[in-house]
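Residues per chain are reported as follows:
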Amino acid sequence: MGQTATRTLALLSLLQSRSDWSGADLAARLGVTDRTVRNDVARLRELGYPVDAVRGPGGRYRLGVGAKLPPLLLDDEEAVAVAVGLRAATGVAGVEETSARALAKLEQVLPDRLRRKLNAVTRATTAGPVNTSSNVEDPEVDAAVLDALSIAIRDHEGIRCDYRDEPRELEPYRLVAWQRRWYLLARDPRDDSWAPYRVDWLRLRTPGGRRFSPVAFPGDLTEFVVREVARTGWAVHARIRVDAEPDQVVARINPAVGTVEAHPDGGSVLVTGGDSLEVVAVWISMLGTGFHVSEPPALVEHVRALARRYADALP
């Protein structure tokens, strides 16, 4: 590739990477004069890329809207990051086929050197089991639903949906991916209540809801989602009395397991849950201290059956 063409691509890459550049900054980055920058900008315009400019000593440039699709310009680290991200994506229906198509397209537009590097990364990478912490398969979420929710969040459009067969009208605020699940943090305008809603339990209805004026969320968004999921977002919910003080229990658990409360008679209560009785039983058995199961009844029976099984395993 000729020097001028190479420099023009470099200029396009700079204009893509930041919304606003001074002519002096571009000249310094490219190692050319201001006049050369002006000539290269004119060349980009001839190729169909609208570059907006403000004339004068402090002249500035930015890539305008309505440009032809520019070539994909990635440095080494960016190419590797994209490949790893596509390999690691999970939890969206059809993601394996979609990722394969995206990787194939990426290969076609990269220069040979980066194509070889990307191929090395993808061929050397193998995805492990997508769910190593549960005996329940991860739910699939339709990418079209995530897309519709994202647009509703962006445009402050309410949604109408069925959530676990119950009709609702909600104001969507944020999507949160956690524990290989997708959650929609939303506000119910009827009583000003906030809650995380599992997206795989949600069915959108058309037409959607009314536009709304967003209000500030009262607290830490992610912390709220984690706490509320432990209370309402699992298929199985449990409150476990633990023979240890709250700070000792908190030190023993992963924050994803649940929340800990002080018990008025001493010790603490672990509010936890999971997608199966087996998962909950495993988590509480790892506390390393005494505990007492009283609810739900199905978990009581499951732990009782486990106790008999362990007792029978002893000599």
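All of the points below concern the structure found in this document. (Residues numbered from 1 in each chain as written. Predicted model: local features only at pLDDT ≥ 70, side-chain atom pairs only at ≥ 80, totals over all residues. Heavy atoms only, no water.)

**Looking at the packing of aromatic side chains**
The final tally for this structure, using the stated rule, is six aromatic pairs. A connected cluster of aromatic rings, assembled from ring pairs, spans Tyr173, Trp194, Phe212, Phe217 and Phe224. Between Arg164 and the ring centre of Trp201, over which it is positioned, the NZ or CZ distance is 3.8 Å. (Phe/Tyr/Trp six-rings, centres within 6.5 Å; stacked < 30°, edge-to-face > 60°. Lys NZ or Arg CZ within 6 Å of the ring centre and 35° of its normal.)

**Structural notes on the nonpolar core**
Formed by 17 residues in total, the largest nonpolar core has its most connected members in Ile159, Leu175, Leu184, Tyr197, Val199 and Leu202. Elements with a minimum of two residues in this core: helix H7 (143-155), strand S4 (159-163), strand S5 (166-178), strand S6 (181-188) and strand S7 (193-198). Among the elements that take part in this core, H7 stands out by supplying four residues, more than any other. Counting residues in each nonpolar core, the second largest holds 14 residues, with Leu11, Val41, Val51 and Tyr61 among its members. (Core = buried A, V, L, I, M, F, W, Y, C linked by side-chain atoms within 4.5 Å. Buried < 20%, exposed > 50% of the residue type's maximum accessible area, 1.4 Å probe, protein only. Helix = DSSP H or I, 4+ residues; strand = E, 2+ residues; numbered from the N terminus.)

**What about the pattern of salt bridges?**
Following the criterion strictly, the structure yields 14 salt bridges and no others. Measuring nitrogen to oxygen at the nearest pair gives 3.3 Å for the salt bridge that ties Glu157 to Arg211. Of the two residues, Glu157 is situated in the loop between H7 and S4 and Arg211 in the loop between strand S8 (202-205) and helix H8 (221-232); the sequence distance between them amounts to 54 residues. The exposure class assigned to Arg211 is exposed, which follows from its relative accessible area of 57%. The shortest N-O distance in the salt bridge between Glu171 and Arg187 comes to 2.7 Å. A residue pair is termed long-range when its members are at least 10 positions apart, and Glu171 in strand S5 and Arg187 in strand S6 qualify at 16 residues. By the burial criterion, Glu171 is buried, and Arg187 matches it. (Salt bridge = Lys/Arg side-chain N within 4 Å of Asp/Glu carboxyl O.)

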